[in-house]
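One-letter residues, chain by chain:
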Amino acid sequence: MRSSKLISVVPRTLPESHLYSFHFIPTLRSIDFFQSLSAYVAVSMSRQPYVTGTSVLGLIYEGGVLIAADTAGSYGSTTRFKSVERMKAVSNNTLLGASGEISDFQAITQLLDRLIVADAMWDDGNDLGPLDIHNYLTRVMYNRRNKFDPLWNTLILGGVKNGVKHLGSVSMIGVHYVDNHIATGFGIHLAQPIFREEWKENMTLEEGTRLLEKALLVLFYRDRSAINKIQVANVTEDGVHISQPYALKSEWNLEAFKNPTASAAGSW
Amino acid sequence: MSMVFAPRMAEAAPSSHAGASWSPYDNNGGTCVAIAGADYCVIAADTRMSTGFSILTRDYSKIHQITEKCVLASSGFQADVRSLQKNLDARHQIYQHQHNKQMSCPAMAQLLSNTLYYKRFFPYYAFNVLGGLDNEGKGCVYTYDAVGSYERSGYSSQGSGQTLIMPVLDNQLKSASPLVLPPRESSTPLTENEAVDLIKDTFASAAERDIYTGDGVEIVIINKDGIRRETMPLKRD
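None of the values given here were measured: they were computed from a predicted structure.

Let us look at the overall build of chain A. Secondary structure assignment for chain A yields seven helices and 13 strands. Within the structure as shown, chain A displays about 13400 Å² of accessible surface, and the carbon and sulfur contribution to it stands at 54%.

Below, the structure written as structure tokens:
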């Protein structure tokens, strides 16, 4: 909402718009105003995250890129939301997955929607590929870090363009890299070692999915913010397909769980 | 809603603000080394990228070629390093448009220093070694701190393994005191291949004891014939 009284402080350009250009300026929303204000006044938007997602995992296989995440939105130590989309198709051949603050991820997907539309409107036969979007997101995250107002996410960006597969990560302060297998958060500690042992070149879709599921199962056992409801996304040159959420088979029928108080002595 | 346009105020957040704190910096580790010769320059850096006690990737290049004869190796905070590289690239492009030639290595050395000092009050957390051939075709190495103080020398190391490698280089390469007469050259009387072997030895040694150095070393050699690259694996633990 704008009133004419705000003319003196309305910025001439959108935040981050120096990073892309359009021929039209979409409606200035109050969130953009607030963010751009941070360049003039100390505004703390993201001093701490509220609703967060845990690990996102990704790997390259023969046909493209596989990215997986659970569908939990935690509110501190509570599993507040259990059907959160933490992966979104950015374009026909690129997918973004995010861990960290869910609202910041949603703001990023809105930003990318506008970017993709603006790029498509050039209608010049060339569209942004996963490498371009990875680079763009790195600049966005780094610029926000420079303003001391980070987007509290670690992003995983994967896709295929002209036969070249791309899988990369960007952190909330702009640290970015590309690899054959990537994980965020707890996945760095629990999933990456599994990938380093078992990933190989040109895995089939089956093999890739099984490897991701194996890592996700370990995360379900060991990461307290993970839930057993996951989605796996398959990104190929032809399109992005995100599976419906499903559960993994987990084993809880262990001896130690059968009679939990057996070894308890005293009142504790 | 009425707002007054005001310059950025530093003390807006209350001091008892609870919640996760974050740092705009991270140390992604790594070591860079460069050695200058009579007509060559060798620049090397390991390929490990870390955060905290984790390895993010084993195959990340810290070396960036800015001009035909000038190569920058930087360790420290990777996002700042990449941003610095892009900044210098952009400035070099402008220079080429304005002067119709590439920047010389000494000119780039000064530009890097100025670029770093420009952010004196929110520094690029980057530890740089610039290497290349000077205007006379001799090898030159420039070494920097995070805010732009720099010096030309015959050899240097920066980064997490700096303290492990520098004494070895001093032992092998240190030239006579500048007070000695007649004046001695600052560059090294090693051959190109001997310099490359020395680099490989120093990285293998640093990787033994520095947890942030390892996985692989990328070596770039610049001489009058151009630029060539070599890689060597390092311990992955």
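Along the backbone of chain B there are four helices and twelve strands. Of all 237 residues assigned to chain B, the portion counted as buried reaches 49%. Pairs at least 24 apart in sequence give 63% of the contacts found in chain B among residues at least 6 apart.

Here we take up the sheet that holds strand β11 (residues 181-183) of chain A. Residue and element names in this part refer to chain A. Strand order across the open sheet formed by five strands is β11-β2-β3-β12-β13, with antiparallel pairing between neighbours. Either end of the sheet is taken by a strand with one partner, and the two such strands are β11 and β13 (240-242). Between one strand axis and the next, the sheet turns through 15 degrees on average, direction left out of account. Pairing geometry for strand β2 (residues 56-61) and strand β3 (residues 64-70), over six bridges, is antiparallel. For Leu59, the partnering residue across the bridge sits in β3 and is Leu66. Sheet contacts for helix α6 (residues 205-222): β2, β3 and β12 (230-235); angle to β2, the most-contacted strand, approximately 160 degrees.

What follows concerns helix α3 (residues 162-173) of chain B. Residue and element names in this part refer to chain B. The end-to-end C-alpha distance of α3 is 15 Å, a good match for the 16 Å that twelve residues give at a rise of 1.5 Å each. Those residues of α3 that fall on the buried side of the exposure criterion are Ile165, Leu169 and Leu173. Looking straight down α3, one finds its buried side chains confined to an arc of 40 degrees; they lie on one side. What points out from α3, more than 90 degrees from its buried face, is the exposed set Thr163 and Asn171.

Before going further, it helps to spend a moment on the confidence of the model for chain A. Residues and elements named next belong to chain A. Within chain A, residue pLDDT values average 88, and 82% of them lie at 70 or more. Segment residues 1-14: pLDDT under 50, and twelve contacts once partners within four positions in sequence are set aside and those in other chains are kept. In the predicted structure, residues 21-28 sits below a pLDDT of 50 and forms twelve contacts with residues beyond four places in sequence or in another chain.

Two numbers describe a pair of packed helices, the interaxial angle and the distance between the axes. All names here are of chain B. Look at α3 against helix α4 (residues 192-209): their axes get within 9 Å of each other, and the N-to-C directions meet at 150 degrees. By the angle between their directions, the pair α3 and α4 is classed as roughly antiparallel. Along this stretch, α3 crosses α4, giving a crossing that reads as right-handed. For the pair α3 and α4, the contacting residues are Leu164, Ile165, Val168, Leu169, Gln172 and Leu173 in the first and Leu198, Thr202, Ala206 and Arg209 in the second. Among the residues making up the contact of α3 with α4, the classes are represented as seven nonpolar, two polar and one charged.

Moving residue by residue along a regular strand, the side chains alternate between the two faces of the sheet. Residues and elements named next belong to chain A. Sheet topology note: the strand β4 (residues 73-75)/strand β5 (residues 78-81) ladder contains three bridges and is antiparallel. Counterpart to Ser74 in the pairing with β5 is Thr79. The hairpin formed by β4 and β5 contains two residues between the paired strands, and Gly76 there has a positive phi angle of roughly 70 degrees.

All names here are of chain B. Taken together, five strands build an open sheet; the order of strands is β10-β1-β2-β11-β12 and the sheet is antiparallel. In this open sheet, the two edge strands, each paired with only one partner strand, are β10 (155-159) and β12 (226-233). For this sheet, the mean angle separating the axes of adjacent strands, direction not counted, is 15 degrees. Packed on one face of the sheet, α3 meets β1 (31-36) and β10 and runs near 175 degrees to β10. In the packing of α4 onto the sheet, contacts are made with β1, β2 (40-46), β11 (216-223) and β12, and the angle to β2 comes to roughly 20 degrees.

Next up on the list: the pattern of salt bridges. Residues and elements named next belong to chain B. A full pass over the atoms with the stated rule returns 18 salt bridges over all chains. Residue Arg48 is joined to Asp215 by a salt bridge in which the shortest nitrogen-to-oxygen separation is 2.8 Å. Placement of the pair is Arg48 in the loop between β2 and β3 (49-51) and Asp215 in the loop between α4 and β11, with a sequence separation of 167 residues. One exposure class covers both Arg48 and Asp215, and it is buried.

Moving on: the pairing of strand β7 (residues 94-101) of chain A. Residue and element names in this part refer to chain A. For β7, a buried count of eight out of eight residues is recorded, marking the element as mostly surrounded by other parts of the structure. Note: strand β1 (residues 51-53) against β7, two bridges, orientation antiparallel. When the sheet's bridge partners are listed, Thr52 is paired in β7 with Glu101. As consecutive antiparallel partners, strand β6 (residues 87-91) and β7 are separated by two residues.

Take the environment of Glu192 of chain B next. All names here are of chain B. One can find Glu192 in helix α4. A sequence separation of 155 residues divides Glu192 from Gly37, and the C-alpha atoms of the two residues are 7.2 Å apart. Setting aside residues no more than four positions away along its own chain, Glu192 makes contact with Tyr40, Ile221, Asn223 and Arg228. At 2.6 Å, the side chain of Glu192 forms a polar contact with the side chain of Arg228.

Bringing the side chain of Thr213 of chain B into the picture now. Residues and elements named next belong to chain B. Along the polypeptide, Thr213 turns up in the loop between α4 and β11. Taking relative accessible area as the criterion, Thr213 reaches 0% and is therefore assigned buried. Within polar-contact distance, the side chain of Thr213 engages the side chain of Asp210 at 2.5 Å. Apart from residues no more than four positions distant in its own chain, Thr213 is found in contact with Thr31, Asp46, Arg48, Ser160, Gly161, Phe203, Ala206 and Ala207.

So, how was this worked out
- Residues numbered from 1 in each chain as written.
- Chains lettered and ligands numbered in written order.
- Predicted model: local features only at pLDDT ≥ 70, side-chain atom pairs only at ≥ 80, totals over all residues.
- Heavy atoms only, no water.
- Helix = DSSP H or I, 4+ residues; strand = E, 2+ residues; numbered from the N terminus.
- Areas by Shrake-Rupley, 256 points an atom, 1.4 Å probe, with all protein chains shown as cover.
- Buried < 20%, exposed > 50% of the residue type's maximum accessible area, 1.4 Å probe, protein only.
- Contact = heavy atoms within 4.5 Å.
- Pairing = 2+ DSSP bridges.
- Axes fitted to C-alpha atoms, helices over the stretch in contact; angles between N-to-C directions.
- Expected span 1.5 Å × (residues − 1).
- Arc of directions from axis to C-beta.
- pLDDT = per-residue confidence, 0-100.
- Parallel < 35°, antiparallel > 145°, perpendicular 65-115°, else oblique.
- Left-handed = near helix turned anticlockwise from the far one by under 90°.
- Nonpolar A, V, L, I, M, F, W, Y, C, P; charged D, E, K, R; others polar.
- Salt bridge = Lys/Arg side-chain N within 4 Å of Asp/Glu carboxyl O.
- Polar contact = N/O pair within 3.5 Å; in protein donor to acceptor, adjacent residues only side chain to side chain.

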